[in-house]
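The lines below spell out each chain.
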Amino acid sequence: MRMYDLIEKKRNGGELSAEEIRWMLSGYVSGKIPDYQMSAMLMAIFFRGMTDEETSVMTDAVARSGDMMDLSPIAGVKVDKHSTGGVGDKTTLVIAPIAAACGVKVAKVSGRGLGHTGGTVDKLESIPGFRADLNREEFFAAVNKTGLAVIGQSGNMTPADKKLYALRDVTATVDSIPLIAVSIMGKKLAAGNDAILLDVTCGSGAFMKKTEDAVELAKKMVQIGQRAGKRMAALITDMDTPLGHCIGNILEVKESIEVLKDGGPEDLREACLALSSNMLYLADLGTLEECRAMAQEAIRSGAALQRLADMVEAQGGDSSYVLDTGKFSEAPYCEEVKAQKDGFITHMDTESCGIASVMLGAGRETVDSAIDPAAGIILQKKTGDAVKQGETIAKLYASDQKLFATAAERYQKAIVIGEEKPAERPLVLARVEKGAVEMF
Ligand code: URA
């Protein structure tokens, strides 16, 4: 087999066989196929797309390119949730404890923040002592004991995705729906769960800017998972506005705990109820309505909050911070961003809001940057809110006052104030299951 022939075949719109895809991926991971040939292939895929069969085979090859997690030492139904990323997206901290409190096992491998989006592992590591680097035995023992655990990705999982993603990043081939589906589902299949709920975010803070693209990505990923024998569903959720009122690690942990204490902002509560009830549904615990009632009860009774405290304790963290969030340290400096005129916030460029938070130290510009857990933004006003000139629309927090000037400017530019109140967008835009798409 020659890589040249496969590139030519794909460039001309042909379909690669399973054997060709497996040969290509293993050759790339072992270094026999150079980056320049794989770059040409990625660009050919970008323009020609991939058939369902090609996408499934490539996902399977990515999943098997490194260690596969065998979750069989964990008793019960294991349900995963994956978000395609967003700003202020802290739902895992709320829904994993809800699902565990309702009897589902959540053995979750999560990522760190990169670029404008945050990562669950960074948020959890802002709790003193919390360890996301449990070995497999510790991970299984923690899930068996408390019903949930969240760890970071180990060095040996899906090396093909690591190499391919780095190459896509520098060859303008990230935003290809089949390649995103392969990348995400490759990691999900390697993580070994029985069922997977996908949260496909959509809007100015997400990879997918348009609802129809988000639906297409969701359909592809649901189909890949089903072909691999997983129970699958996807929600398309709004990321045209940051989720909740907080961006930044400690701020987001505190806001998640507010929701688990039966408070918190309405949009975040609703997102968490929609996602957790779908996780329970995938675990076969009842209809969606019954599952929603179970999730609500897990919050109301305090059972979900207790699960979060148990998880933190089992992973070496100080659970007293969960029960008393006043113990978290606060950033020493705060700067207020003011509305420049009267009107309504008609749009928030959510990616820019995320970048402003990164500029304050809450995220990383590169994989090795250090983050400041206390840095971030509290949004006082969001899309649809009325504002008066000079009124505070956001509070920025940082450990270095010099960071405020550029971050405040970036945030200010992200906010559009107009005369008319904009139409409300539903938080859950669509749901995909078994080939059917329900639009809301
Ligand atoms: N997230 C991933 O893991 N991979 C992609 O390609 C895009 C988003």
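All residue numbers here refer to positions counted from 1 along the written sequence of the relevant chain. Given that this is a predicted model, residues contribute local features only at a pLDDT of at least 70 and side-chain atom pairs are listed and counted only at 80 or more, while totals for whole chains, interfaces and linings are drawn from all residues. Side-chain numbers here rest on the full set of heavy atoms in the structure, without hydrogens or water.

**Topic: the overall build of the protein**
Per the secondary structure count, the protein includes 17 helices and 14 strands. Expected size for 440 residues packed as a compact globule is a radius of gyration near 22 Å; at 22 Å, the protein falls within 12% of this value. By principal-axis analysis of the C-alpha atoms, the protein measures approximately 65 × 45 × 40 Å. Burial classification: accessible surface area is computed with a 1.4 Å probe over protein chains only, and a residue below 20% of its type maximum counts as buried, one above 50% as exposed, and the rest as partly exposed. For the protein, with 440 residues in total, the buried portion stands at 56%. Contacts are residue-level and defined by heavy atoms, with any inter-residue pair within 4.5 Å sufficient. Nonlocal contacts in the protein, meaning residues at least 24 apart in sequence, comprise 76% of its contacts between residues at least 6 apart. Helix numbers and strand numbers start at the N terminus; a helix is a DSSP run of H or I with at least 4 residues, a strand a run of E with at least 2. For a compact globule the rule gives 2.2 Å times the number of residues to the power 0.38, and the radius of gyration it is set against comes from C-alpha atoms.

**Topic: the site of the ligand**
The near set for a molecule or strand comprises every residue that places at least one heavy atom within 4 Å of it. Contacts to the ligand come from Tyr 165, Arg 168, Ile 180, Ser 183, Ile 184, Lys 187 and Phe 207. Pairs of N or O atoms are called polar contacts if they sit within 3.5 Å, as long as, within protein, a hydrogen donor faces a hydrogen acceptor (for residues adjacent in sequence, only side-chain-to-side-chain pairs). Measuring from an oxygen atom of the ligand, one finds a side-chain N or O atom of Lys 187 at 2.7 Å. In this description, accessible areas are obtained by the Shrake-Rupley approach with a 1.4 Å probe, and a residue is regarded as covered only by the protein chains that are shown. Summarising the interface, the protein chains cover 89% of the accessible area of the ligand, which totals 240 Å² for the free molecule. Only helix H8 (159–170) and helix H9 (177–190) provide two or more residues apiece to the shell around the ligand.

**A word on the nonpolar core**
Looking at soluble globular proteins, one finds that nonpolar side chains tend to be buried together. Counting residues in each nonpolar core, the largest one holds 61 residues, and the members touching the most others are Ile 98 and Ile 127. Top element by residues in this core is helix H12 (residues 266–282). It accounts for 10 residues. Domain start and stop positions are those given by an automatic or database domain assignment. Taken domain by domain, the makeup of this core includes at least three residues from each of domain 2 (79–324 + 428–439) and domain 3 (330–418). We define a nonpolar core as any set of buried Ala, Val, Leu, Ile, Met, Phe, Trp, Tyr and Cys residues linked to one another through side-chain atoms lying within 4.5 Å.

**Focus: unusual backbone geometry**
Negative phi is the rule for most residues except glycine; trans is the rule for most peptide bonds. At Ala 172, a position not held by glycine, the phi torsion is positive, near 55°. Looking at the element boundaries, Ala 172 is found in the loop between H8 and H9. Phi at Lys 434 takes a positive value of approximately 45°, unusual for a residue other than glycine. Following the sequence through the fold, Lys 434 ends up in the loop between strand E13 (428–433) and strand E14 (436–439).

**What to know about helix H16 (residues 350–359)**
With seven of 10 residues buried, H16 is to be regarded as a mostly interior element. Along H16, the residues that are buried comprise Thr 350, Ser 352, Cys 353, Gly 354, Ala 356, Ser 357 and Val 358. Looking at the buried positions of H16, the neighbouring elements they touch are strand E6 (246–247), strand E8 (343–348), strand E9 (376–379) and helix H17 (404–414). Here H16 starts with a cap whose side-chain oxygen sits 3.3 Å from the backbone nitrogen of Glu 351, and that cap is Asp 349. Note on H16: the residue one or two positions beyond its end, Gly 361, has a positive phi of about 110°.

**Overview of the packing of aromatic side chains**
Stacked, edge-to-face and tilted are the three classes for Phe, Tyr and Trp ring pairs, Trp counted by its six-membered ring, which pair at centre distances within 6.5 Å; planes under 30 degrees apart are stacked, over 60 edge-to-face, the rest tilted. Scanning the model with the defined rule gives three aromatic pairs in all. Arranged with centres 5.2 Å apart and planes meeting at 80°, the rings of Phe 46 and Phe 47 form a pair that is edge-to-face. A residue is classified by how much of its surface remains accessible, and Phe 46, at 29% relative accessible area, is partly exposed. Taking 5.1 Å as the distance between ring centres and 70° as the angle between the ring planes, the aromatic pair formed by Tyr 321 and Phe 328 counts as edge-to-face. The class of Tyr 321 is buried, set by a relative accessible area of 15%. The buried category is assigned to Phe 328, whose relative accessible area is 4%.

**Brief notes about the domain arrangement of the protein**
Taken as a whole, the protein is organised into domain 1 (3–49), domain 2 (79–324 + 428–439) and domain 3 (330–418). Computed from C-alpha coordinates alone, the two centres of domain 1 and domain 2 are separated by 31 Å. With 12 residues of domain 1 in contact, the opposing surface of domain 2 contributes 12 residues. Summed over both partners, buried area is the accessible surface (1.4 Å probe) that two parts give up on being assembled. Taking both partners together, domain 1 and domain 2 bury about 1,100 Å²; carbon and sulfur atoms supply 81% of that area.

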